[in-house]
Amino acid sequence: MNKKITEVQENPFEIEQQEWRKRQRKERWKQMLTIASPVFMLMLWEFLSQTGLLDIRFFPPPTAIVGTFIDMTTSGVLFEHVGISLYRIFLGFLLGVVPGVVIGLLMGLYSPIRHFISPIVMALMPIPTLALLPIIIILFGIGDLSKVITIAGSVFFPVVINTVAGVTNIDSIYLDVAKNYGAGKVSFFTKIALPGALPVMLEGIQMGQAIALLTIVAAEMMGATSGIGFLIWTSYKAFLLQEMYVGLILISFFGYLFSLFLRGLQKKMVPWR
Amino acid sequence: MKKKAKIEITNLTKAFYKKQSSVTALEDINLTIEEGEFVCLVGPSGCGKTTLLRILADLETPSIGDFKILTEDKTRPLQSMVFQERGVIPWLTVEENVAFGLKMRRLPKEVIRERTAYYLKKTGLDPFSTLYPKELSGGMKQRVSIARAFANDPEILLMDEPFAALDEQNKFILQEELLSIWAETGKTVLFITHSIDEALLLSDRILLMSSQPGKIIHEIKIDLPRPRKVEDIRENPEMAAKFVEIWQHLQEEVQNSRREKN
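Residues numbered from 1 in each chain as written. Chains lettered and ligands numbered in written order. Predicted model: local features only at pLDDT ≥ 70, side-chain atom pairs only at ≥ 80, totals over all residues.

### What to know about the overall build of chain B
For chain B, the count of helices and strands is nine helices and nine strands. Relative to the compact-globule value of 18 Å for 262 residues, chain B shows a C-alpha radius of gyration of 19 Å, a close match. Counting only C-alpha atoms and orienting by the principal axes, one finds that chain B spans roughly 55 × 45 × 45 Å. Expressed as a percentage of its 262 residues, the buried residues of chain B come to 39%. A sequence separation of at least 24 residues applies to 72% of the contacts in chain B between residues at least 6 apart. (Helix = DSSP H or I, 4+ residues; strand = E, 2+ residues; numbered from the N terminus. Rg over C-alpha atoms; globule rule 2.2 N^0.38 Å. Buried ≥ 20, exposed ≤ 12 C-beta atoms within 10 Å, placed from the backbone. Contact = placed C-beta atoms within 7 Å.)

So this is what it looks like as structure tokens:
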């Protein structure tokens, strides 16, 4: 009996296994915390507004918001607003990212171009595109195009700046390798410059996505007749706060969805990291 | 049986100009390296040995003077460099890294595949051919760099302290592997190192360099028979004497340059 106990105590793997189990339990506990925090927030909100501790007119309980969400979905109003907003975001995002990447690569690869364009970029960047919205509306009308242009303008800057940084920060030893092994212009671009710049470039695109969502809501509030931003703004003005919250939560949801998608894309495109 | 010259360097000087402090990295270097010879350049850091290698690798241009790499086969690249460990390109797989030079030269796919496979096998990398470099150890990464240069089949090989970042045991293993591949191909090699032991093991000839201005101050022939092993160098009293000789030369150099700095 005694002997058996010492044997158990002396087995290093069993001791380590116990340690390992403890660590696993801790990990699971942390995962639980991550899931619990938003649930806890919602429950607290529900409790506070049900009991009247929060003013129900300004903070309707989450269950009521869900009810409104279902009503709006079945009536089809929501799809219309969400659809048009997604369309604008998508188009504006592309219109910002594509020129951002192209101009960024040109600036990164050719220093005269970089020296010529970068003061322009630096000067324009601090101006919020939203501040230009009145002019954009005058030029492009109150329809979709003005929203698309506004988003494109906001997305462009982080993408162009990160693309330039991505190219110029490639370790010079890879440039030496390319030169020593006789890489031509095209090979240099496809084998060294583009893949080398990609990680930092994708960070910029990630940022651009977040900015696109911020911009669409504001742009639709100021001059639009449809979209999630329009929904939020008109609901607020009509004091339909439940509808307004549906809009806000949708924005949060899509932001989360897009960044998950882009993160997945990043893993696919940069498998060597 | 005098062999043919492969590399000829004549009156080569390289200076770096800066507004505050200009440096003469290399001063009036004259050097001939024979075909198939393994030459090590040894010297304290900052003595210009890397500059000399980079000039031969066409990554820098000499200020004055000239060099020639003699060739009979025009289709072959003149030189390939074995870079330090971090010269392995992280976004290419092991196989793509080894094939890099061949792909850049647009050789037929069949040739690329065959030569890449041969050197992957030779360096023991074939089980890892589809992995990215981040998954390899330091020694394995350095094998990629070596395989890439040999696969390119150049007239001469230039090696820039390829084993400097490895631990000692791995270094011994890779040195012997390098010697065995080299013996098979018979390439002319110019190898930079600051390790005297490494130079004794690898070279036919060791060139000692002084710093600022970088000059070749001494030359030592190593005629130990090949194939050599790490143990042979350690056991051989003649090599021990050569070690001391080299060290005394270099010691003077290191101390001189320190005095100048103070």
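From this point, the discussion proceeds with the structure in view.
### Brief notes about the interface of chain B and chain A
Accessible area lost when the parts come together is the quantity often used to give the size of an interface. Residue-level contacts link 18 residues of chain B with 14 residues of chain A. Of all the secondary structure elements, the ones that give two or more residues to the side of chain B that touches chain A are strand 5 (79–82) and helix 3 (100–104) of chain B. Among the elements that make up the side of chain B that touches chain A, the one with the highest residue count is helix 3 of chain B (three residues). Along the lines of polarity and charge, the residues of the side of chain B that touches chain A split into 11 nonpolar, four polar and three charged. (Nonpolar A, V, L, I, M, F, W, Y, C, P; charged D, E, K, R; others polar.)

### Looking at the nonpolar core
Across soluble globular proteins, you tend to see nonpolar side chains buried next to one another. Ranked by size, the top nonpolar core spans 111 residues in total, and within it Val155 of chain A together with Ala147, Leu158, Leu190 and Phe191 of chain B carry the most contacts. With 12 residues, the single largest contributor to this core is helix 7 (residues 144–168) of chain A. Residue contacts for Ala147 of chain B: discarding those within four places in its chain leaves Val98, Tyr119, Leu120, Thr123 and Leu125 of chain B. (Core = buried A, V, L, I, M, F, W, Y, C linked by C-beta atoms within 7 Å.)

### So, the domain arrangement of chain A
Here the domain parsing of chain A yields domain 1 (2–50) and domain 2 (62–269). On a C-alpha basis, the centres of domain 1 of chain A and domain 2 of chain A stand 40 Å from each other. (Domains from an automatic or database assignment.)

### Considering helix 5 (residues 138–151) of chain B
Residues and elements named next belong to chain B. Over its 14 residues, helix 5 runs 20 Å from end to end, which matches the ideal 20 Å to within 8%, given 1.5 Å per residue. The buried count for helix 5 comes to 12 of 14 residues, which makes it a mostly enclosed element. Within helix 5, burial applies to Met140, Lys141, Gln142, Arg143, Val144, Ser145, Ile146, Ala147, Arg148, Ala149, Phe150 and Ala151. Note on helix 5: the residue one or two positions beyond its end, Asp153, has a positive phi of about 50°. (Expected span 1.5 Å × (residues − 1).)

### Considerations on the packing of helix 3 (residues 62–75) of chain A against helix 11 (residues 241–269) of chain A
All names here are of chain A. The interhelical angle for the contact between helix 3 and helix 11, taken along N-to-C directions, is 80°, at an axis separation of 9 Å. In this view, helix 3 runs roughly perpendicular relative to helix 11, as classed from their interaxial angle. When helix 3 is examined against helix 11, the residues Ala64, Ile65, Thr68, Phe69 and Met72 are found in contact with a partner set consisting of Gln242, Glu243, Tyr245 and Val246. A class-by-class count of the residues in the contact of helix 3 with helix 11 yields six nonpolar, two polar and one charged. (Axes fitted to C-alpha atoms, helices over the stretch in contact; angles between N-to-C directions. Parallel < 35°, antiparallel > 145°, perpendicular 65-115°, else oblique.)

### Structural notes on the confidence of the model for chain B
Looking at chain B, the pLDDT average stands at 91 and 98% of residues meet or exceed 70. When mean pLDDT is compared element by element in chain B, helix 2 (residues 94–98) of chain B scores highest at 97, while helix 9 (residues 237–261) of chain B scores lowest at 84. (pLDDT = per-residue confidence, 0-100.)

### Remarks on the sheet that holds strand 7 (residues 188–193) of chain B
All names here are of chain B. Taken in spatial order, the six strands line up as 5-6-7-3-8-9 in an open sheet, and their pairing is mixed. The open sheet has two edge strands, strand 5 and strand 9 (215–221), and neither has a second partner. The mean angle between the axes of side-by-side strands here comes to 20°, regardless of whether they run parallel or antiparallel. Note that strand 5 and strand 6 (residues 156–160) share four bridges and pair parallel. Along strand 6, the bridge assignment pairs Ser80 with Leu157. (Pairing = 2+ DSSP bridges.)

### Examining the environment of Thr215 of chain A
All names here are of chain A. Looking at where Thr215 falls in the secondary structure, it is placed in helix 9 (residues 185–222). Judged by local crowding, Thr215 falls into the buried class, with 27 C-beta atoms found within 10 Å. Sequence separation between Thr215 and Lys147 is 68 residues, and the spatial gap between their C-alpha atoms is 8.7 Å. Setting aside anything within four residues of it in sequence, one finds Thr215 in contact with Thr129, Leu130, Thr150, Ile151 and Ser154.

### Topic: the environment of Lys6 of chain B
Residue and element names in this part refer to chain B. Its place among the elements puts Lys6 in strand 1 (residues 5–16). Residue classification places Lys6 among the buried positions, given that 20 C-beta atoms sit within 10 Å. Setting aside its immediate chain neighbours within four residues, Lys6 contacts Ile33, Glu34, Glu35, Ile69, Leu70, Ile156 and Thr188.

### Describing the packing of helix 9 of chain A against helix 10 (residues 228–237) of chain A
Residue and element names in this part refer to chain A. Running from N to C, helix 9 and helix 10 cross one another at 55°; their axes reach a closest spacing of 7 Å. Taken together, the axis directions place helix 9 and helix 10 in an arrangement best described as oblique. As helix 9 runs across helix 10, the sense of the crossing is right-handed. Here helix 9 contributes Ile216, Val217, Ala218, Ala219, Glu220 and Met221 to the contact with helix 10, which in turn contributes Ile228, Gly229, Phe230, Ile232 and Trp233. In terms of residue class, the contact of helix 9 with helix 10 is built from nine nonpolar, one polar and one charged. (Left-handed = near helix turned anticlockwise from the far one by under 90°.)

### Overview of the sheet that holds strand 1 of chain B
Residues and elements named next belong to chain B. Here we have three strands laid out as an open sheet, ordered 2-1-4, and antiparallel in their pairing. Edge positions in the sheet fall to strand 2 (23–34) and strand 4 (64–69), since each has one partner strand and no second. Each adjacent strand pair in this sheet contributes to an overall mean axis angle of 15°, direction not counted. Relative to strand 2, strand 1 runs antiparallel, the two sharing eight bridges. The residue bridging Ala15 from the neighbouring strand is Thr24, located in strand 2. Across the sheet, helix 1 (residues 49–56) is in contact with strand 1, strand 2 and strand 4; its angle to strand 2 comes to roughly 60°.

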